[in-house]
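These are the residues of each chain, in order.
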Amino acid sequence: MTQTLEPVVSVDGTPQQRIDTWLREFEAALEARDIGRATDAFLTDSYWRDLTAFTWNIKTVEGHEQIADMLTARLADTRPAEFTTTEPATDDGDGVVSAFMAFETSVGRCEGHLRIRPDDADDGRDKAWTLLTTLQELKGHEEAAGPNRPLGAVHGSDPDTRSWAEKKADEDLELGRSVQPYVLIVGGGQGGIALGARLRQLGVPSIVVDRHERPGDQWRKRYKSLCLHDPVWYDHLPYLPFPANWPVFAPKDKIGDWLEFYTKVMEVPYWSKTTCLSAAYDENEGRWTVEIDRDGERMVLQPTQFVLATGMSGKPAIPTVPGQDLFAGEQHHSSRHPGPDAYIGKKVVVIGSNNSAHDICKALVDNGVDATMVQRSSTHIVKSDSLRSIALGSLYSEEAVASGMTTKKADLTFASLPYRIMHQFQVPVYDEIRRQDKEFYDRLEAAGFQLDFGDDDSGLFMKYLRRGSGYYIDVGASELIADGTIKLVHGQLDHLTETAVVLADGTEIPADVVVYATGYGSMNGWAADLMGQEVADRVGKVWGLGSETTKDPGPWEGEQRNMWKPTQQPGLWFHGGNLHQSRHYSLYLALQLKARFEGIPTPVYGLADVHHLS
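Residues numbered from 1 in each chain as written. Predicted model: local features only at pLDDT ≥ 70, side-chain atom pairs only at ≥ 80, totals over all residues. Heavy atoms only, no water.

Q: Help me out: how do you make sense of the packing of helix H5 (residues 190–202) against helix H18 (residues 579–597) in this one?
A: For any two helices packed against each other, the geometry is given by the interaxial angle and the distance between the axes. Packing of H5 against H18 brings their axes to within 8 Å, and their N-to-C directions diverge by 40 degrees. Between H5 and H18, the crossing angle belongs to the class labelled oblique. As H5 runs across H18, the sense of the crossing is right-handed. Across from Gln190, Gly191, Ala194, Leu195, Arg198, Leu199 and Leu202 in H5, the residues of H18 making contact are Leu579, Ser582, Arg583, His584, Ser586, Leu587, Leu589, Ala590, Leu591, Leu593 and Lys594. (Axes fitted to C-alpha atoms, helices over the stretch in contact; angles between N-to-C directions. Helix = DSSP H or I, 4+ residues; strand = E, 2+ residues; numbered from the N terminus. Parallel < 35°, antiparallel > 145°, perpendicular 65-115°, else oblique. Left-handed = near helix turned anticlockwise from the far one by under 90°. Contact = heavy atoms within 4.5 Å.)

Q: Even after reading the chapter, I still don't get the nonpolar core, so can you show me in this structure?
A: In globular proteins that are soluble, nonpolar side chains generally tend to be buried together. Judged by nonpolar contacts, the single largest core of 159 residues is most densely connected at Phe26, Trp48, Phe306 and Met531. Ranked by the residues each element gives to this core, the list is headed by H18, at 9 residues. Here methionine 531 is in contact with Ala279, Trp288, Phe306, Leu308 and Leu572, once residues within four sequence places are set aside. (Core = buried A, V, L, I, M, F, W, Y, C linked by side-chain atoms within 4.5 Å. Buried < 20%, exposed > 50% of the residue type's maximum accessible area, 1.4 Å probe, protein only.)

Q: What's the story with the sheet that holds strand S22 (residues 500–503) in this structure? I'm lost.
A: Sheets are built from strands that pair by backbone hydrogen bonding, the pairs being arranged parallel or antiparallel. As summarised here, the arrangement of the 3 strands in space is S21-S22-S23, forming an open sheet in which the pairing is antiparallel. Looking at the sheet topology across the chains shown, the edges are occupied by strand S21 (493–496) and strand S23 (508–510). The mean inter-strand angle of the sheet, taken between neighbouring strand axes irrespective of direction, is 25 degrees. Two strands pair when backbone bridges link them, and S21 and S22 are joined in this way by 3 bridges, in the antiparallel orientation. The residue of S22 that forms the bridge with histidine 495 is valine 502. (Pairing = 2+ DSSP bridges.)

Q: How should I be thinking about the packing of aromatic side chains in this particular structure?
A: Between two aromatic rings, the relevant description is the distance of the centres plus the angle of the planes. Counted according to the given criterion, the structure contains 27 aromatic pairs. Both rings, one in tryptophan 564 and one in tyrosine 585, keep their centres 4.1 Å apart while their planes meet at 10 degrees; by these two values the pair is stacked. Separated by 21 residues along the polypeptide, tryptophan 564 in the loop between helix H17 (533–539) and strand S25 (572–574) and tyrosine 585 in helix H18 bring together distant segments of the chain. For tryptophan 564, a relative accessible area of 1% translates into the label buried. For tyrosine 585, a relative accessible area of 4% corresponds to the buried category. Through a chain of ring-to-ring contacts, the aromatic side chains of Trp22, Phe26, Phe42, Trp48, Phe54, Phe83 and Phe103 assemble into a single cluster. Here lysine 254 stacks its cationic end above the ring of tryptophan 246, 4.3 Å away from the centre of that ring. (Phe/Tyr/Trp six-rings, centres within 6.5 Å; stacked < 30°, edge-to-face > 60°. Lys NZ or Arg CZ within 6 Å of the ring centre and 35° of its normal.)

Q: How should I be thinking about the side chain of threonine 85 in this particular structure?
A: Within the secondary structure, threonine 85 is located in strand S3 (residues 81–85). Since its relative accessible area comes to 17%, threonine 85 is described here as buried. A distance of 3.0 Å separates polar atoms of two side chains, one belonging to threonine 85 and the other to glutamine 16. The contact partners of threonine 85, leaving out residues within four places of it in the chain, are Gln16, Ile19, Asp20, Leu23, Ala99, Phe100 and Met101. (Polar contact = N/O pair within 3.5 Å; in protein donor to acceptor, adjacent residues only side chain to side chain.)

Q: Even after reading the chapter, I still don't get the sheet that holds strand S8 (residues 183–186), so can you show me in this structure?
A: Read from one edge to the other, the open sheet built from 5 strands follows the order S10-S9-S8-S14-S25, with strand pairing classed as parallel. Every interior strand has two partners, whereas the edge strands, strand S10 (270–271) and S25, have only one. H5 rests against S8, strand S9 (206–209), S10 and strand S14 (305–308) of the sheet, and its axis sits at about 160 degrees to S8.

Q: I keep staring at unusual backbone geometry and nothing clicks. Help me out?
A: For residues other than glycine, phi is negative in most cases, and the peptide bonds are mostly trans. Residues glycine 554 and proline 555 are joined by a peptide bond in cis, for which omega reads 5 degrees. Tracing the sequence through the fold places proline 555 in the loop between H17 and S25. A positive phi angle is found at tryptophan 564, which is not glycine, with a value near 65 degrees.

Note that every value here comes from positions in space, so none of it alone points to a role or purpose.
Here is the structure:
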C-alpha cells in the first residue's frame, strides 16, 4: 500500500529555502511512489521537460494528466533520489524562484533546472511551473575524462609494447573491417564530429563518414564571405571551447580549420572522401547493411545504429521554373555559390531573401557586381548586435562569462524553457529590439523590404525552431538594401528567358547569373535517397514543433520532430542544427546510444506519432 505523508505547505523564506522545501516534498512523494502527491507538486499549467533522464527520449509532458501518465510508466524503473541544488537559488520576480539541481536515477547521474511559484488556488503553496531533467552520465560507464582520464604513459612493464600512435593506427585499420562500428554517422560537419567525439569518449565503436576531402570542407567550400552569425559564446563544441582570442563571428575558413583540428585532437574516427550509397535495416538481426564508396573502394558496413547528421536541412530546394533550359547564363543553388569573383561585370539575380540571399548579395555588391534580390515573401530581420546584446547577452556573452555563467549553465537555462511557452518569453525581447532599432526598420520598409517578426511576433528563435527559415541576422546587407545598393524586387517566379528572370506580374529582370537561395527540404530527403521512401515516410517529417504557424503544421509535438531521439524506424536517428544544438544535444543522443551499446534497458516513453510524411 502506498504511504501518504502530509505535504509541507509554505512559501515563506528565502528562495533557497523555498526550493529546498519543494525538492524535499517532491523527493518524498517519488520515494513513496505516490503519483498523485508527486503530480500535485506541479501547477495545473506546468511543464516537465525531460532529456533522457526519465523517458529515454526527448520529451515534454504538460499538465497534471501527462505528468501522472509519465510517472506511472517510468517512476518504478527510474527510481530518482538525492535531489539537491548545485548552487544558491535565485529570485526571478513575480513570486518565481529558480535553481539548478542534481539528482540520481537507477542508471545515471542527472542535472536539471526548476522554477516554482505560489499556487493561488492552493493557499499560495509553492508548486513547480517548469522542471528540466537531463541525464548527464551513466553509472559505471563514465567518460574517460577528468578523474577518469587515461594515464597515457606506461609506468612499469606492459605486455603491449605498442605506442599510443601505433594503437590508434591499428584501431583505424580494424574499424569497419574486422571490427564493425556500433554506430555509423553520415555527415561530418559540426553535428557528426561533435557526436563522434562524445561516442569516442564513451568507448562506443563509431565511424563518421563524409563525402568531402577534409573535415571542415563543408564550410571551406561555401562562398568566401560566409561567417557565423551566432556569437562565439553560443558556438563552443564539446570538451574543447574556442580559445579566448577567437573572433566573435568566425569566418568560414577558421571554422573549417577548427573542425579539422578538433577531429584530429579528439581522435574522432573520420572517413573522408566517403559516400553512403544505400542502407537497409534487417528487422531480425537488428542492424543495418550500408553500402559505401570510400575513395573508390566499395565497402559494406553493418552498424546497429545509423545516424543522419546532415544538418537541420535536407537537400537543396530548387524551384522548377519554365525556361530554365532556355536560360543562356549560369544557374546554381546558394549551397553551390562560389562567391563574387567570377561575376564581375555581370548581372546576378538572387532568388530569396533569407540569410544566404543577403550574404551573397552583400558580397556581390561589395565587389562591384550588379545584384538584384527577389523577395517572394516577408522576412524577419534582426541586427546581429541587437541579437547578441538583447536576446543572448544574459547567457552567451563576455559579460555573462564574467558574471559566472558557464556554457553548461547557459545551455540548461535555455533548455529549461518549454517550447509551449517559449514564445511568451521571446515576444518582449523582440518588442525591445523593434523599439531600439525603429529607425533601422523604418529605413528598410521605406526601401520596400517586406518585414515580419513571425506569426506571433516572437522573432528569430521561434522561426528557427518552427521552420528553420524565414529570417536574416543582419551583418550589413540590410543597409545596402535600404540605400539601394542591393536592388530589390518583389514577386513570384514565372519563367526564365534566354537573358532574364520574369516574375508573375510581368517584371523582367536582366540576368547573366541566377542564384537560387531558396532553402532546403526536410532532412528526410536524405533518408529517402539512402533507405527508400517507405522508411522516410515511416519516420515522417523532421524538424518543427507542430505550432500551426507558417510552414510548421500541427498537431503540437512539444519537441523538435525526430531530432536527437528514437524514431519510428528502429536504429535510425537524426542529429543536426546549429553549433549550439550540435554541442548540447549530442550529449543526450550519445548517452542513448551508449546505453543501448552496453545492453542497458532503454524503454522509450512517448515515442512520437507520425503526422506528416517526409
